[in-house]
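Read off the chains here:
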Amino acid sequence: MTFAVLQIRPNPLYRRAAFELGLRAIGYADIREYRCRRNWPSGPDDLLVLWNMHAGPDEKYAAEWERRGGTVIVCENGYLQRVDKTMYAISAHGHNGSGWFPIGDDAKARFERLGIEIKPMREPTQGGVIVVRGQRGIGSAAMASPRNWHDKHAKMLRARGARVQVVPHPGDKGKLEADLAALANANALHIWSSAMGVRALCEGVPVVYHAPRWICAGWQLGGREWALHQMACGQWHHEEIATGEPFARLRDSGWGRNIDGGRVKAPSKEIAA
């Protein structure tokens, strides 16, 4: 019998109830607690559902889960949303472009339902600055930003003569509004792998990312609309999650069998450069 190990906190902001309902909707009657690490999969239909992928014991447990043939699903706050804590990112294996998710024929429609305008690209202005997003160093060993990356990167840009503004991560309150305000006078945005970059692309601000992968990697190669439409297939409203649709799409695309060269993966940093 298949089962799912669910590591989503019960705090209302994390919408654990929606994830439970969604898993049950596609047949997972056996939902287990993450704290019991004596659970191991017998195949790809056994799921480990994580909130982000934290370096250390969590990441090692996930790696062993995949080695034994199970599927790891990584969830996080959505990449782009009008109202905070309504959209949630869901992908197999990793987060923010380091994993994969199926791109449906409704990619354009999914983006348009967000109600966010894609503005023309900005021309650099005399008073504009390069904004560097402060990063918190959260994530897997591969995806977490190096310690004080933003300060070191800003120092390097200033040494080249650039006018730079480091924008600290605003935390969980008012971050959408804070991001828009920080982008108001930006000629460009440099990020490690922040969701702020997704909003910047919508605002017409060029984005340079420095992580190995990012959810909108390749936007210069395939176009902003292409990148944003694909991104929209990797995030879901909590009411959609409760129906089980995002999990069903992953299941129908092969679960963990797609991890090494699956149907859909974000382009690598080298391709996007």
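Residues numbered from 1 in each chain as written. Predicted model: local features only at pLDDT ≥ 70, side-chain atom pairs only at ≥ 80, totals over all residues. Heavy atoms only, no water.

1. Notes on the sheet that holds strand E7 (residues 164–167)
What counts, and what does not: Being paired, for any two strands, means DSSP has found at least two bridges between them. Put simply, DSSP marks the helices as runs of H or I at least four residues long and the strands as runs of E at least two long, and each gets a number from the N terminus on. Working convention: axes come from line fits to C-alpha atoms, limited for helices to the stretch in contact. Angles between N-to-C directions cover 0 to 180 degrees. For this analysis, residues touch if any pair of their heavy atoms sits within 4.5 Å.
Taken in spatial order, the 4 strands make up an open sheet running E7-E6-E8-E9, and their pairing is parallel. Two strands lie at the open edges of the sheet, namely E7 and strand E9 (207–209), each paired on one side alone. Recorded for the sheet is a direction-independent mean angle of 25° between the axes of neighbouring strands. Two strands pair when backbone bridges link them, and strand E6 (residues 129–133) and E7 are joined in this way by 4 bridges, in the parallel orientation. Looking across to E7, one finds that Val 132 is bridged to Val 166. Helix-sheet contacts for helix H4 (residues 149–159) involve E6, E7 and strand E8 (186–191), and the interaxial angle to E6 is about 160°.

2. Side note on the sheet that holds strand E4 (residues 71–77)
Taking strand neighbours across the sheet as the criterion, the 6 strands line up as E2-E1-E3-E4-E5-E10 in an open arrangement whose pairing is mixed. Both edges of this open sheet fall to strand E2 (31–33) and strand E10 (235–237), since each of them pairs with a single strand only. Adjacent strand axes in the sheet meet at a mean angle of 30° when their direction is disregarded. Here strand E1 (residues 4–6) pairs with strand E3 (residues 47–51) via 3 bridges, running parallel. Bridge assignment links Val 5 to a residue of E3, and that residue is Leu 48.

3. Focus: helix H6 (residues 196–203)
Turn by turn, an α-helix covers 3.6 residues, leaving residues three or four places apart pointing in a common direction. Here is the rule: Between buried and exposed lies partly exposed: a residue is buried under 20% and exposed over 50% of the maximum accessible area for its type, with that area taken using a 1.4 Å probe on protein chains only.
Of all 8 residues in H6, 8 are buried, a share of seventy percent or more. Buried within H6 are the following residues: Met 196, Gly 197, Val 198, Arg 199, Ala 200, Leu 201, Cys 202 and Glu 203.

4. Side note on the packing of H6 against helix H8 (residues 224–232)
What counts, and what does not: Oblique is the label for every angle not falling under 35 degrees (roughly parallel), over 145 degrees (roughly antiparallel), or within 65 to 115 degrees (roughly perpendicular). Handedness of a crossing is defined here by the sense of rotation of the near helix relative to the far one, left-handed for an anticlockwise turn of less than a right angle and right-handed for a clockwise turn. Basically, the charged four are Asp, Glu, Lys and Arg, the nonpolar ten are Ala, Val, Leu, Ile, Met, Phe, Trp, Tyr, Cys and Pro, and anything else, Gly included, counts as polar.
The interhelical angle for the contact between H6 and H8, taken along N-to-C directions, is 140°, at an axis separation of 11 Å. For the element pair H6 / H8, the angle class is oblique. Here the hand of the crossing between H6 and H8 comes out left-handed. Residue-level inspection shows Val 198, Leu 201 and Cys 202 of H6 in contact with H8, the latter providing Arg 224, Leu 228 and Met 231. Taken together, the residues that form the contact of H6 with H8 break down as 5 nonpolar, no polar and 1 charged.

5. Considerations on the state of the cysteines
To keep it simple, the criterion reads: We call a pair of cysteine sulfur atoms a disulfide whenever their separation is within 2.5 Å.
Within the structure shown, the criterion is met by 0 disulfides. This cysteine, Cys 202, is not joined by any disulfide, and Cys 216 carries the nearest cysteine sulfur, 7.8 Å off. Of all cysteine sulfurs in the structure, the one in Cys 216 sits closest to Cys 233, which takes part in no disulfide; the separation is 12 Å. Looking at Cys 233, the relative accessible area reads 2%, which means it is buried.

6. Describing helix H5 (residues 175–183)
Heads up, the condition is: Read the arc as the range of directions from the helix axis to the C-beta atoms.
When we look at burial in H5, the residues that qualify are Lys 175, Leu 176, Asp 179, Ala 182 and Leu 183. Across the axial projection of H5, the buried residues extend over an arc of 130°, all falling on one side. For H5, the exposed residues set more than 90 degrees away from the buried face come down to Glu 177 and Ala 181.

7. Thoughts on the side chain of Asn 77
With respect to the secondary-structure elements, Asn 77 resides in strand E4. Ignoring anything within four residues of it in the chain, the contact list for Asn 77 reads Trp 51, Lys 85, Met 87, Tyr 88, Ala 89, His 95 and Lys 175.

8. Some points on unusual backbone geometry
Despite not being glycine, Arg 15 has its phi angle at roughly 55°, a positive value. Looking at where Arg 15 falls in the secondary structure, it is placed in the loop between E1 and helix H1 (16–25). Notably, Asn 52 is not glycine yet its phi reads approximately 60°, a positive angle. One can find Asn 52 in the loop between E3 and helix H2 (57–67).

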